[in-house]
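# Summary of the model geometry
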Amino acid sequence: MVRESEIRAGEVAVEAPAATDAGLVFIGRIRTPWTSRLETPRQGRLDGPVCRLEIFEPWVAALQGIELYPSLEVIYWLHMSRRDLVLQSPKNDGAVRGTFSLRTPVRPNPLGTSMVNLVGVEGATVLVRGLDCLDGTPLVDLKPDRCKFTPLAPPQKGDYQVGD
Ligand code: SAM
């Protein structure tokens with residue numbers, strides 16, 4: 001069951017440090033058909049509706065080349081989430097799990113990620129399918145599908161050093 005902000009049986013909130021959203025720069029805004037968390041899909045579907053990533057200046061030039069990647073990773077800030085639960089009851093049945101064992105939007109730093117399919121690029125707007133966020137959700141980053149960057153050969157001894 002999707003939550004608004006209530007605490008359920010068995011859940012535990014902590015006194016979280018004041019949120020500062022340290023140093024994040026939102027690069028755009030996501031436009032979706034969903035205006036309520038109660039109707040937003042729990043995870044995006046690649047046959048879901050086309051959503052729009054509206055990129056802000058000065059980041060529009062950073063879209064160059066993105067059309068080469070049919071599959072993209074979208075990283076966004078689930079801005080309407082509470083951020084103080086350490087134990088949560090996803091089914092609201094009293095059974096709880098730790099926040100880091102869940103993909104819940106309720107987390108200390110409410111980052112969401114989705115793998116989406118690129119539909120097209122129209123100037124400063126990227127059209128995609130596969131999202132699961134509210135209309136107006138702040139956009140943090142866009143990356144090509146990581147599989148396209150998997151090293152071809154396994155790393156050799158000495159390839160990496162501590163701190164790389
Ligand atoms: N796919 C992402 C992930 O796995 O990291 C997010 C998954 S999260 C379970 C998706 C849910 O977050 C939606 O069903 C909705 O209830 C909630 N949600 C979506 N956009 C949100 C926003 N901007 N602020 C707070 N909650 C949001």
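First, a word on scope: everything that follows refers to the structure included in this document. Because the structure is predicted, anything quoted here is derived from the model rather than measured.

## Brief notes about the layout of surface pockets
Of the volumes computed, that of the largest pocket is approximately 830 Å³. For the largest pocket, the lining is made up of 30 residues, of which Arg 42, Arg 103, Thr 104, Pro 105 and Val 106 are closest to its centre. When residues of the lining of the largest pocket are assigned to their parent elements, the largest contribution, three residues, is made by strand β7 (residues 111-122). Across the lining of the largest pocket, the residue classes break down as 13 nonpolar, nine polar and eight charged. Empty space within the second largest pocket amounts to approximately 250 Å³. Looking at the lining of the second largest pocket, its residues break down into 11 nonpolar, three polar and three charged.

## Topic: the site of the ligand
Near the ligand lie 20 residues; those nearest to it are Pro 41, Gln 43, Met 80, Arg 103 and Asp 132. Contact between the ligand and Thr 137: a nitrogen atom at 2.9 Å from a side-chain N or O atom of the residue. Contact with the protein chains removes 95% of the 600 Å² of surface that the ligand exposes when unbound. Here the ligand occupies the largest pocket. The leading source of residues in the shell around the ligand is β7, at three residues.

## What about the environment of Thr 113?
In this fold, Thr 113 is placed in strand β7. Judged by its relative accessible area of 30%, Thr 113 is partly exposed. Along the sequence, Thr 113 and Tyr 76 sit 37 residues apart, while their C-alpha atoms lie 6.4 Å from each other. Every residue in contact with Thr 113, bar those within four places of it in the chain, is listed here: Glu 73, Val 74, Ile 75, Tyr 76 and Arg 103. Among the polar contacts made by the side chain of Thr 113, one reaches the side chain of Arg 103 at a distance of 3.0 Å.

## Looking at the side chain of Thr 137
Note that Thr 137 resides in strand β9 (residues 137-144). Of the polar contacts made by the side chain of Thr 137, one reaches the backbone oxygen of Leu 134; its length is 2.7 Å. Aside from chain neighbours lying at most four places away, what touches Thr 137 is Gly 28, Arg 29, Ile 30, Tyr 76, Trp 77 and His 79.

## Overview of the packing of aromatic side chains
Each aromatic ring pair is described using two quantities: the centre-to-centre distance and the angle formed by the ring planes. Summed over all chains, the structure comprises one aromatic pair. Geometrically, the ring pair formed by Phe 26 and Trp 77 is tilted, given 6.4 Å between the ring centres and 45° between the ring planes. Residue Phe 26 is found in the loop between β1 (12-13) and β2 (28-31), and its partner Trp 77 is found in strand β4 (residues 71-77); the two are separated by 51 residues along the sequence. A relative accessible area of 5% places Trp 77 in the buried class.

Reading the values: the criteria
Residues numbered from 1 in each chain as written. Predicted model: local features only at pLDDT ≥ 70, side-chain atom pairs only at ≥ 80, totals over all residues. Heavy atoms only, no water. 1 Å grid on protein atoms, 1.4 Å probe; cavity = no way out; pocket = protein on both sides within 12 Å on 5 of 7 lines; lining within 4 Å. Points joined across faces, edges and corners; volume = space filled by probe spheres on them. Helix = DSSP H or I, 4+ residues; strand = E, 2+ residues; numbered from the N terminus. Nonpolar A, V, L, I, M, F, W, Y, C, P; charged D, E, K, R; others polar. Near = heavy atom within 4 Å. Polar contact = N/O pair within 3.5 Å; in protein donor to acceptor, adjacent residues only side chain to side chain. Areas by Shrake-Rupley, 256 points an atom, 1.4 Å probe, with all protein chains shown as cover. Sits in = over half its atoms within 2 Å of the grid points. Buried < 20%, exposed > 50% of the residue type's maximum accessible area, 1.4 Å probe, protein only. Contact = heavy atoms within 4.5 Å. Phe/Tyr/Trp six-rings, centres within 6.5 Å; stacked < 30°, edge-to-face > 60°.

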